[in-house]
Amino acid sequence: MSSIRPRLDNSFRAASPMDTNPEQRLLTVAAAQLGPIASLNSPRSDVLARMIKLLQQASEKNVRLVVFPELTFTTFFPSYVIDDPEQLAQFFEPASQAEPYAVTNSLHSKPLIDKAAELGIDISFGYAERWTEEDGRVIDYNTAVYYSASQRRCVAKYRKVHLPGRYEPDRRPGVTQQLEKRYFTPGNLGFQAFRVPGLVGKALKAEDAKDLANPEGTWGRGDPIVGMLICNDRRWAEAWRCYGLQGVELVLEGYNTTAFAPQYEGTESEQESEALFHHRLSCQAGSYQNACFSVHAAKAGKEDHGSLIAGSSIVNPDGHIVVESRTKGDELVYATIDLARCRKGKGRVFAFDKHRRVEHYSRLVEQVGVEEPALL
Ligand code: CDT
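Small disclaimer: the values here were computed from a predicted structure and weren't measured. (Residues numbered from 1 in each chain as written. Predicted model: local features only at pLDDT ≥ 70, side-chain atom pairs only at ≥ 80, totals over all residues. Heavy atoms only, no water.)

Student: Report on the side chain of S312, specifying residues and quantitative values.
Tutor: Following the sequence through the fold, S312 ends up in the loop between strand 12 (306-308) and strand 13 (313-315). Sequence-distant contacts of S312, defined by excluding residues within four places in its chain, comprise A31, Q33, Y255, H296, A297, A298, V323, E324, S325 and V333. (Helix = DSSP H or I, 4+ residues; strand = E, 2+ residues; numbered from the N terminus. Contact = heavy atoms within 4.5 Å.)

Student: So what's going on with the UniProt feature "domain: CN hydrolase" (unreviewed entry) in the chain? Residues and values would help.
Tutor: Those places that UniProt annotates as "domain: CN hydrolase" (unreviewed entry) correspond, in this numbering, to residues 27-339. Between the end C-alpha atoms of residues 27-339 the distance is 8 Å, and the span holds 22% helix and 27% strand. (UniProt positions renumbered as here; feature names shortened; annotations may be inferred.)

Student: Now, about the packing of aromatic side chains: what can you tell me, with residues and values included?
Tutor: A complete count under the given rule lists 11 aromatic pairs for this structure. An angle of 55 degrees between the planes, with centres 5.8 Å apart, marks the rings of F92 and F184 as tilted. Within this pair, whereas F92 is found in strand 3 (residues 92-96), its partner F184 is found in the loop between helix 4 (180-183) and strand 7 (194-195), the two being separated by 92 residues in sequence. The residues F92 and F184 share a single accessibility class, namely buried. The residue whose ring lies beneath R130 is F92, and the NZ or CZ to ring-centre distance is 4.7 Å. Lying across the ring of F352, R356 places its NZ or CZ 6.0 Å from the centre. (Phe/Tyr/Trp six-rings, centres within 6.5 Å; stacked < 30°, edge-to-face > 60°. Buried < 20%, exposed > 50% of the residue type's maximum accessible area, 1.4 Å probe, protein only. Lys NZ or Arg CZ within 6 Å of the ring centre and 35° of its normal.)

Student: Mind laying out the pairing of strand 9 (residues 250-255), listing which residues take part and the relevant values?
Tutor: Strand 9 sits mainly inside the fold: 6 of its 6 residues count as buried. The alternating pattern of strand 9 places L250, L252 and G254 on one face and V251, E253 and Y255 on the opposite face, and all of these are buried. Where the polypeptide runs from strand 8 (residues 225-230) across helix 6 (residues 237-244) and back to strand 9, its parallel neighbour, the crossover connection is right-handed. As paired elements, strand 9 and strand 10 (residues 293-298) share 6 bridges and run parallel to each other. From the neighbouring strand, V251 faces strand 10, where its bridge partner is S294. Crossover strand 9 to strand 10 through helix 7 (residues 268-289) is right-handed. (Right-handed = clockwise from strand over helix to strand, strands pointing away. Pairing = 2+ DSSP bridges.)

Student: Got a sec to walk through the site of the ligand? Specific residues and values, please.
Tutor: Around the ligand, the neighbouring residues are E70, F76, K160, P164, Q178, E180, C231, N232, R234, R235, N256 and T257. Within the side chain of T257, one N or O atom sits 2.6 Å away from an oxygen atom of the ligand. Here the ligand has 350 Å² of accessible area as a free molecule, and 76% of this is covered by the chains. For the shell around the ligand, the class distribution of residues is 3 nonpolar, 4 polar and 5 charged. (Near = heavy atom within 4 Å. Polar contact = N/O pair within 3.5 Å; in protein donor to acceptor, adjacent residues only side chain to side chain. Areas by Shrake-Rupley, 256 points an atom, 1.4 Å probe, with all protein chains shown as cover. Nonpolar A, V, L, I, M, F, W, Y, C, P; charged D, E, K, R; others polar.)

Student: An account of helix 3 (residues 110-119) is needed here, citing residue identities and associated values.
Tutor: Along an α-helix, a turn takes 3.6 residues, which lines up residues three or four apart on a common side. Taken together, the buried positions of helix 3 are occupied by L112, I113, K115, A116 and A117. Where helix 3 is buried, its residues contact helix 1 (44-60), strand 4 (122-132) and strand 5 (138-148).

Student: Residue-level account of the confidence of the model for the chain, with values.
Tutor: Summing up the model confidence of the chain, the mean pLDDT is 94 and the portion of residues at 70 or higher is 94%. Taken together, the stretch residues 1-7 has pLDDT below 50 and engages in 24 contacts with residues farther than four places along the chain or on a different chain. (pLDDT = per-residue confidence, 0-100.)

Below you can see the structure in the form of structure tokens.
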């Protein structure tokens, strides 16, 4: 693991020309780590100002895409037992079919969107989404969107699929709560990869490729293929593979991961280092096994409910950490990556079309829990 902050991802050996598209597809990306947002009452305007400052720093480093954490704008409220519906509502941004990306016009986030547009930087950020269905039903999701500065609009939305924790609070005194199952419904959008225009030069477009006999000739030459995950999702190989099967080149993920929960075994420092280890393991394995880069943005440090790990990072398709945060505060973690470096893994070890054996994978989608072999 590297703790230095190189400007260029040069942590790989030069690949053989047989393996890669020789055309570089360079892109400078960043994780905008946020330090603690202390309490349920922390003013939104303070958080927005901190985010905008990070965006400004990103602009000075020629960053083209900035990833912000899960539930970026507030403290990690699923760690609190909030019984008052009005108080809970304050953490959510409304949306509906008529305005699926209403968050971009919310007073809570519009200044960030405006700044991203002004600076020409794409952003992805997490927030709590209160969705009203056409029939009036209201469903709450833990959501992330991708805002394209060149398009002046959101081009993708992802809703967290794997919700950790529990519905009923643990009423023992002093425990750290994780109540995402209480406050959110599992996402219903699946793992849909999308292409992002305007990030790399000379991207092949559908129009240019319409006469190509072999569609594989376009692989690795179009606009970047991006997927989003939110926190706990990064621990699930199935989530990464859904993106891998769409040729993903860049996975974006924001997180709030508990560093210490007194109800579990281990000292504070033992728990924190184990949590960081599992975070890195998941991100590095996911990137390697799907031959993609990934960007991971933490909300870090001590909030009133407890502490969160840092470890914001950028990981390359060989599974190496290119750059990682050095603090638990607001910090921009950035690197210039070459998306052409995804071609090696996609064309060799993880050439899915050549090596996957789907006739043996049915258990993965037919079974949820464990079914052990019968006792001897
Ligand atoms: N926010 C979130 O999803 N947190 C979970 C905590 C689970 S404890 C291992 C996470 O996976 O980081």
